[in-house]
Amino acid sequence: AQKVTQAQTEISVVEKEDVTLDCVYETRDTTYYLFWYKQPPSGELVFLIRRNSFDEQNEISGRYSWNFQKSTSSFNFTITASQVVDSAVYFCALRGVQPLIIQGAQKLVFGQGTRLTINP
Amino acid sequence: DAMVIQNPRYQVTQFGKPVTLSCSQTLNHNVMYWYQQKSSQAPKLLFHYYDKDFNNEADTPDNFQSRRPNTSFCFLDIRSPGLGDAAMYLCATSRDGEGYEQYFGPGTRLTVT
């Protein structure tokens, strides 16, 4: 079975602080994909990043960075110099790959989300 | 801009009165998904279409149906809404193939009175 755990239900920081959102996953697939999505108060889920299981390089995009560590089954997300606009619920998600492509087997497994509040 | 569009953004219906939510996409993706999201919870997949092939999740109630008349449009029909069906309904699309990310629409917030 696949599972994603985001242990931090809510985080609140003051603007300009750095903040890290944790994501731990479980899967038996050798090939899998990890994602982060942002859900602002408007409700739309916004895709942030995709990582495949063979690429453990960390990634940086502006103030956002992601740390993928297969050894600890973690895919953590750091926001540097946080801003009020970063306030949202952030979801980590996992999708495995079947040995044969099974039509329809494209299900995303979401964590429960972390509500991040950036205070001015 | 290419995108996923959902109409209406807010829908109020009466208990037991059928309701249809719509989703359209300009991304030309062949996979479309419907999710239900309740307050403070993760999105829950109801079903998805792989082209015209319908794939239902095992725990999706029979009360929920879907239609996909063409690549661009997909509908969610709730035949007899109950109070427990009040939620945000999210439509998403993705390309065929492993690993592709899903793109979500803005959602329709359904209220059942």
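Residues numbered from 1 in each chain as written. Chains lettered and ligands numbered in written order. Predicted model: local features only at pLDDT ≥ 70, side-chain atom pairs only at ≥ 80, totals over all residues. Heavy atoms only, no water.

## Things to note about the layout of surface pockets
Thought 1: Space inside the largest pocket adds up to approximately 460 Å³.
Thought 2: As for the largest pocket, its lining consists of 23 residues, of which A:Q39, A:V89, A:R115, B:Q37 and B:S40 are closest to the centre.
Thought 3: The set of elements that each furnish at least two residues to the lining of the largest pocket consists of β10 (88-96) and β12 (114-119) of chain A.
Thought 4: Top element by residues in the lining of the largest pocket is β12(A). It accounts for 4 residues.
Thought 5: Split by residue class, the lining of the largest pocket holds 7 nonpolar, 12 polar and 4 charged. (1 Å grid on protein atoms, 1.4 Å probe; cavity = no way out; pocket = protein on both sides within 12 Å on 5 of 7 lines; lining within 4 Å. Points joined across faces, edges and corners; volume = space filled by probe spheres on them. Helix = DSSP H or I, 4+ residues; strand = E, 2+ residues; numbered from the N terminus. Nonpolar A, V, L, I, M, F, W, Y, C, P; charged D, E, K, R; others polar.)

## As for the state of the cysteines
Thought 1: Throughout the structure, instances matching the rule amount to 2 disulfides over all chains.
Thought 2: Through a disulfide, A:C23 is tied to A:C92; the S-S separation comes to 2.0 Å. Looking down the S-S bond of the A:C23 and A:C92 bridge, the torsion is -65°, so its handedness is left-handed. One end of the pair, A:C23, is in the loop between β3 (19-21) and β4 (24-26); the other, A:C92, is in strand β10, and 69 residues separate them in sequence.
Thought 3: Of the residues examined, A:C23 reaches a relative accessible area of 0% and is grouped as buried.
Thought 4: B:C91 provides the cysteine sulfur closest to B:C74, a residue in no disulfide bond, and the two sulfurs are 6.0 Å apart. (Disulfide = S-S within 2.5 Å. Buried < 20%, exposed > 50% of the residue type's maximum accessible area, 1.4 Å probe, protein only.)

## Notes on unusual backbone geometry
Most peptide bonds take the trans form, and the phi angle of most residues other than glycine is negative.
All names here are of chain B.
Thought 1: In this chain, N7 is followed by P8 through a cis amide linkage whose omega measures -15°.
Thought 2: Of note, the phi angle at D51 is positive, near 60°, even though the residue is not glycine.
Thought 3: Within the element layout of this structure, D51 appears in the loop between β5 (44-50) and β6 (53-56).
Thought 4: A relative accessible area of 38% means that D51 is categorised as partly exposed.

## Here we look at the pattern of salt bridges
Thought 1: Per the counting criterion, the structure on display carries 6 salt bridges over all chains.
Thought 2: A salt bridge links A:D86 to A:R63; the shortest N-O distance between them is 2.8 Å. Taken together, the residues A:D86 in the loop between β9 (74-79) and β10 and A:R63 in the loop between β7 (59-61) and β8 (64-69) connect sequence positions 23 residues apart.
Thought 3: Given the relative accessible area of 1%, A:D86 is considered buried.
Thought 4: The partner of B:D59 in a salt bridge is B:K44, and the shortest N-O contact between them spans 3.5 Å. Placement of B:D59 in the loop between β6 and β7 (64-67) and of B:K44 in strand β5 is noted, with a sequence separation of 15 residues between them.
Thought 5: When its relative accessible area of 52% is taken as the criterion, B:D59 is described as exposed. (Salt bridge = Lys/Arg side-chain N within 4 Å of Asp/Glu carboxyl O.)

These results come straight from atomic positions and should not be treated as a statement about function.
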